[in-house]
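Survey of secondary and tertiary structure
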Amino acid sequence: MSDMITADLVDLDLSADTKEAAARALAERMAALGRVTDLDGFLADVAAREAQMPTGLDGGIGIPHCRSEHVTEPTLAFGRSAAGVDFGAADGPADLIFLIAAPAGADDAHLTILSSLARQLMNADFTDALRAARDAGSAAALIRGDADAVPVPEDAGSAAPTRGGAGEAPGAHAVAEGASEGARGAGESAGSANSGVNGASGGEGSASGAAGSASGAQSGAKDSAAVPVAASAGTAAGSTGPAAAGADARSVTAPDGPPFRIVAVTSCPTGIAHTYMAAESLETAGRDAGVELVVETQGSAGFTRLDPAVIAAADGVIFAHDVPVREKDRFAGKPTVDVGVKAGINRPADLITEVREKAARGEVSTGAPAGAGTPVERAGEPGEGYGTKLRTWLMTGVSYMVPFVAAGGLLIALGFAIGGWEINKAPSVMEHFDWTQVDSWGALLFQIGGVAFGFLVPVLAGYIAYGMADRPGLVPGFVGGAISLTINAGFLGGLAAGLIAGGVVMAIQRVRIPPVLRGIMPVVVIPLISTLIVGFLMFVVIGKPIAEAQQAMTDWLDGLSGTNAVLLGVLLGLMMCFDLGGPVNKVAYAFATAGIAVADPSDSAMQVMAAVMAAGMVPPLAMALATTVRGKLFTRTERENGKAAWVLGASFISEGAIPFAAADPLRVIPASMAGGAVTGALSMAFGATLRAPHGGIFVVPLIGNPLLYLVAIAAGVCVTTALVVALKGMRKPVPGTGPGEPGTAAATPEAKQPVAA
């Protein structure tokens, strides 16, 4: 780690009072050494990572971090704040702040070293020594793990008060040497595992890699009853302790029987810090609880799969993650606790207790955590409200449905463009296809698109159920969606079928099952019972009312005209531009695609689709235009993003405006909504129609009234551009910024609030 942190990257008197200012102060040190090429661009990446999940940890620690194309080499900067800086931790401000910068293509060896540091942050003596450091050089040496910088626990304890917190590893009194061990392990082999107090698997091939540090030797010498250590897949973690040889997870059998065995998986969006800190915290809590606990860290450097024999022998499973667990089915059929990664850091003992209680009650999972109620495509923390969970489940289904909508809709639109509006009456191409006739090709495109459209409702229902209950929800979900088509319940029927299927499977998973039947549950019992229940409810109980509601919605769309149509266009335009690809945007898009996801959509439904796509194109195109006409109001990074926004906006990718909205939401979002409302209203007023659900300007030839449609888009873009330029021109200049380089979100607290995307 000698080249990752030096005295020049340490600030022991950090005076920042906000996390944005703290990140900027430390990032400026990186930029001064040439390790960050674009300060504002890097800070934008840090802010984007911070928006995903706060990086404050209990125990007074803040670890803002990110991967960025503006970083030339892996770098670590450290700041110590006397007043503390709020990074979102439950126990208050952080006084120890580590800014971790990794290049977009950082190699495994450097990520191994960063993960070693993350583990060391759970060591109380390590953090106490940093609080007691008297100069930047000694602090940098301590973080690097230099031999002459290793603190003596008594000195560290007397020099600085120990800050308590759930984030500190219970009973962690070892010497901080994991970082240097990690550096040595990384230097020996790029595939070796990251190391720390306990060591964890980290790369393909060899997963050992000096897991035992000097602290492990000391603790092993003090206590002859060796405690569990996280081992790699099929390889014992190397250790200097007396009981290290030949075991995947060390422990001494208790007098009354074998110890309780737990396997765990940790992961976070970046895969650099929280992943390994959660692993360290769980391992330490496992030692204190007297259980065998093995952790699979699914970090940025990849992951080494746990030995199937270790998983098979486990009595329980803990998932501490904020991104989907890879190859999750390996852990099916066991008591499972599924939480966010910060819970693994802050309350590991509670998780161990919870999984032991589930094992005692006989609760098991069948591919999804038993009773956890957490969707596979997670977007929130445990304890989130039902409304948030419902939105996540629905968005899971919509996200899987959209590619079918796009492919099918574009093929149908091309079929009409090539073969004319009567192509829907053409005979099957199986019966008649002439290679030399244009109409035959038009019919082929139309019929392929129609088949793709036939999957929309089943896919929607199936993946809503999947989002609720994982793979066991797919069969009843798809069957329920197909029944919805059969009874003409359409899109609404698919929504209901998916929710019912997921709920039924989750209920079955909560039933206590004898161990002898666990093997056939996911293959036979759950698909059979859940499909029977969903089919009965859809055919006999709720199918007819939903079909009537679907027909009522279709009739309402058909009856839209005049002022009502314009007002609907305004509403849809506002929704499309509110969160730029977020949940509200997706609701408007799903409403539009539901109208055209039939064999013969009405003109009103196609007008709604046209208005939605037009409004969604406005924000990125307007940001691109604004950076062109008034570049001095934007940072260099924003001007570069503006060039890309031309293409993204023209392609109907609303997310192209997210960098601008994240940096300045109070100006960009209202301006975007105003322009989107204008475009939506004009598109509806002009009667523009669209059969394809995607494509942007590339499907203009398929649009009804294409010239007026382009006028509507141009009007909205001009409105948004004018408002953004006016609002940005009214703001006060930020001190310390040069001409043409206005302050960014990192320097202006008001502009740091992230937009949902």
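One structure accompanies this document, and this report is about it.

So, helix H25 (residues 665–686)
An ideal rise of 1.5 Å per residue puts 32 Å on 22 residues; H25 measures up with 31 Å between its terminal C-alpha atoms. At the C-terminal side of H25, Gly687 shows a positive phi close to 70 degrees.

Here's the deal with the nonpolar core
In this structure, Val612, Met613, Leu690 and Tyr709 are the most contacted members of the largest nonpolar core, which totals 82 residues. Top contributing element to this core by residue count: helix H22 (residues 603–629), with 16 residues. Excluding its chain neighbours within four sequence positions, the residues that come into contact with Leu690 are Ile596, Met606, Met609, Ala610, Met613, Val699 and Ile703. Ranked by size, the runner-up nonpolar core spans 49 residues in total, among them Ala22, Met53, Leu99 and Ala139.

Describing the pairing of strand S7 (residues 261–267)
Most of S7 sits out of view: six of its seven residues are buried. Both S7 and strand S8 (residues 292–297) contribute to a ladder of six bridges, which runs parallel. When the sheet's bridge partners are listed, Val265 is paired in S8 with Glu296. Sheet topology places S7 next to strand S9 (residues 316–321); six bridges connect them, and they run parallel.

Structural notes on the pattern of salt bridges
Inspection of every chain in the model, using the stated rule, returns 16 salt bridges. For Asp664, the salt bridge is made with Arg667, and the minimal N-O distance between the two is 3.0 Å. One continuous salt-bridge network, built from bridges that share partners, spans Glu296, Arg305, Glu327 and Arg330.

Quick look at the sheet that holds S7
The sheet built from four strands is open, its strands ordered S8-S7-S9-S10 with parallel pairing. Every other strand in the sheet has two partners, leaving S8 and strand S10 (336–339) as the edge strands with one partner each. Strand-to-strand twist of the sheet, defined as the mean angle between neighbouring strand axes without regard to direction, takes the value 15 degrees. In this fold helix H9 (residues 274–289) packs onto S7, S8 and S9, with an angle of close to 175 degrees to the strand it touches most, S8. In the packing of helix H12 (residues 348–361) onto the sheet, the strands contacted are S7, S8, S9 and S10, and the crossing angle to S10 comes to about 145 degrees.

Considerations on a nonpolar patch on the surface
The grouping of Leu414, Ile418, Trp435, Val438 and Trp441 at the surface amounts to a nonpolar patch, some 520 Å² of accessible area in total. For the nonpolar patch, the secondary structure elements donating two or more residues are helix H13 (386–419) and helix H14 (438–453). Mapped onto the elements of the fold, Val438 is located in helix H14.

Rules behind the numbers
- Residues numbered from 1 in each chain as written.
- Predicted model: local features only at pLDDT ≥ 70, side-chain atom pairs only at ≥ 80, totals over all residues.
- Heavy atoms only, no water.
- Helix = DSSP H or I, 4+ residues; strand = E, 2+ residues; numbered from the N terminus.
- Expected span 1.5 Å × (residues − 1).
- Core = buried A, V, L, I, M, F, W, Y, C linked by side-chain atoms within 4.5 Å.
- Buried < 20%, exposed > 50% of the residue type's maximum accessible area, 1.4 Å probe, protein only.
- Contact = heavy atoms within 4.5 Å.
- Pairing = 2+ DSSP bridges.
- Salt bridge = Lys/Arg side-chain N within 4 Å of Asp/Glu carboxyl O.
- Axes fitted to C-alpha atoms, helices over the stretch in contact; angles between N-to-C directions.
- Patch = residues over 30% accessible without salt bridge, like charges linked within 9 Å, V, L, I, M, F, W, Y side chains within 5 Å.
- Areas by Shrake-Rupley, 256 points an atom, 1.4 Å probe, with all protein chains shown as cover.

Geometric values such as these leave the question of function open.
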